[in-house]
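# Examination of the molecular architecture
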Amino acid sequence: MDKATLRRTLVQRRVNMASRIEKNAQLQQVMRIWLVDRPELIIGAYWPIKGEFDPLPALHRWKEDGELLDAPMMRRIALPVVDKTHKTLRFHAWYPGCPMEEDAYGIPKPKDTDILEPDLLFIPCVGYGAGGYRLGYGGGFYDRTLAALKPRPFTVGLGYTEGFVEDFEPEPHDIPLDAILNDNGVVWPV
């Protein structure tokens, strides 16, 4: 199956997933447990579209937990903002209730908040395969962004078990993610 057809099939499967509430709760729990001992203070994520898992509740809890621990450094959450000129992403501070506006693709983005450089980046997976490789929407935004970020943040793909593609073949330019989490737990590295 070609990548465009595979993307459409996986998005349709995700949008029509019957057990969404249970799988969301499971992946929220996986994220929360996985984040417990992470040292990063700025985590980039995404605003969910097309049936994607929503990482923001778990990240808000992570941020609140840091405040309860009386940590010396403040934890922060960032969401992507499209740089149309370079076709990359910049990350702006996000918090519940912050002003939002739609980007060029109709996706909500923080409005007039600080630009942040994530230490860890949660990336949505349309699909994923062995070795930490992900299938995105095909625009290359994350690939170009990761190639430009110095230092490169720790990258973590998020997806549902339905997004696993057993015979996924990465292309030569594909860079594997550092980890992938799904509703069953950590699926990469194994």
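Throughout, residues of each chain are indexed from 1 in the direction in which the sequence is written. Confidence filtering applies because this is a predicted model: local features only for residues at pLDDT of at least 70, side-chain atom pairs given and counted only at 80 or more, and all residues used for totals across whole chains, interfaces and linings. With hydrogens and water set aside, each side-chain value is computed from the structure's full complement of heavy atoms.

### Here's the deal with empty space enclosed by the protein
The following threshold applies: Any residue with an atom within 4 Å of a point lines the site, the site being either a cavity, points on a 1 Å grid over the protein atoms alone where a 1.4 Å probe fits but cannot get out, or a pocket, an open set with protein on both sides within 12 Å along at least 5 of 7 lines. Grid points are joined across faces, edges and corners, and a volume is the space filled by probe spheres set on the points. Under the scheme used here, helices are H or I runs from DSSP no shorter than 4 residues and strands are E runs no shorter than 2 residues, and both carry numbers assigned from the N terminus. Residue classes follow a fixed rule: Ala, Val, Leu, Ile, Met, Phe, Trp, Tyr, Cys and Pro count as nonpolar, while Asp, Glu, Lys and Arg count as charged, and any other residue, Gly among them, counts as polar.
All told, the structure shown has one cavity of 30 Å³ or more when counted by the stated rule. Volume-wise, the largest cavity comes out at about 110 Å³. Looking at the largest cavity, it is lined by 14 residues, and the ones nearest its centre are Arg 14, Cys 125, Val 126, Gly 159 and Tyr 160. It is helix α1 (residues 3-15) that contributes the most residues to the lining of the largest cavity, three residues altogether. Its residues placed into classes, the lining of the largest cavity shows eight nonpolar, two polar and four charged.

### Examining the UniProt feature "binding site: substrate" (unreviewed entry) in the protein
In plain terms, the rule: UniProt positions are given in the numbering used here, feature names are shortened, and annotations may be inferred rather than shown by experiment. Three exposure classes are used, based on accessible area relative to the maximum for each residue type with a 1.4 Å probe and protein chains only: buried under 20%, partly exposed in between, and exposed over 50%. Two residues form a contact once any of their heavy atoms are found within 4.5 Å.
Annotation from UniProt places "binding site: substrate" (unreviewed entry) at Glu 52. Along the chain, Glu 52 turns up in the loop between β1 (42-44) and α3 (56-68). Classification of Glu 52 as buried rests on a relative accessible area of 9%. Beyond its immediate stretch of four places on either side in the chain, Glu 52 contacts Arg 14, Tyr 46, Trp 47, Pro 124, Tyr 137 and Tyr 160.

### Some remarks on the pairing of strand β10 (residues 154-158)
Condition: Here a strand pair is declared whenever DSSP counts at least two bridges between the two strands.
A large share of β10 lies buried, amounting to four of its five residues. As judged from the five bridges shared by strand β7 (residues 120-124) and β10, these two strands associate in the parallel manner. Bridging across to β10, Pro 124 finds its partner in Leu 158. Inspection of the sheet shows β10 paired to strand β11 (residues 179-182) by three bridges, in the parallel sense. Within β11, the position partnered with Leu 158 by the bridge is Leu 181.

### So, the pairing of β7
Within β7, five of the five residues are buried, which leaves it mostly tucked inside the rest of the structure. With burial as the criterion, each face of β7 is covered, one bearing Leu 120, Phe 122 and Pro 124 and the other bearing Leu 121 and Ile 123.

### Some details on the side chain of Lys 23
Turning to its location among the elements, Lys 23 is positioned in helix α2 (residues 20-35). If sequence neighbours within four positions are ignored, Lys 23 has contacts with Met 17, Tyr 160, Thr 161, Glu 162 and Asp 183.

### Points about the packing of α2 against α3
Operational definition: The axes are straight lines fitted to the C-alpha atoms, using for helices just the contacting stretch, and the angles between their N-to-C directions are given from 0 to 180°. Here roughly perpendicular refers to angles of 65 to 115 degrees, roughly parallel to angles under 35, roughly antiparallel to angles over 145, and oblique to all remaining angles. A clockwise turn of the near helix away from the far one marks a right-handed crossing, whereas an anticlockwise turn of less than a right angle marks a left-handed crossing.
Taken N-terminus to C-terminus, the directions of α2 and α3 make an angle of 30°; their axes are 9 Å apart at the nearest point. Relative to α3, the element α2 lies roughly parallel. Judged by the sense of rotation from one axis to the other, the crossing of α2 with α3 is right-handed. Note on element contacts: α3 touches α2 through Pro 57, Ala 58, Leu 59, Arg 61 and Trp 62, opposite Gln 28, Met 31, Arg 32 and Leu 35. Split by residue class, the contact of α2 with α3 holds six nonpolar, one polar and two charged.

### Some words on the pattern of salt bridges
Note the cut-off: Definition used for salt bridges: Asp or Glu carboxyl oxygen within 4 Å of a side-chain nitrogen of Lys or Arg.
In this structure the tally under the stated criterion is eight salt bridges. Note that Glu 171 and Lys 3 form a salt bridge whose closest N and O atoms lie 2.8 Å from each other. A residue pair is termed long-range when its members are at least 10 positions apart, and Glu 171 in the loop between β10 and β11 and Lys 3 in helix α1 qualify at 168 residues. Taking the relative accessible area as the measure of exposure, Glu 171 reaches 35% and is therefore partly exposed. With its nearest N and O atoms 4.0 Å apart, the salt bridge here joins Lys 3 to Asp 174. Placement of the pair is Lys 3 in helix α1 and Asp 174 in the loop between β10 and β11, with a sequence separation of 171 residues.

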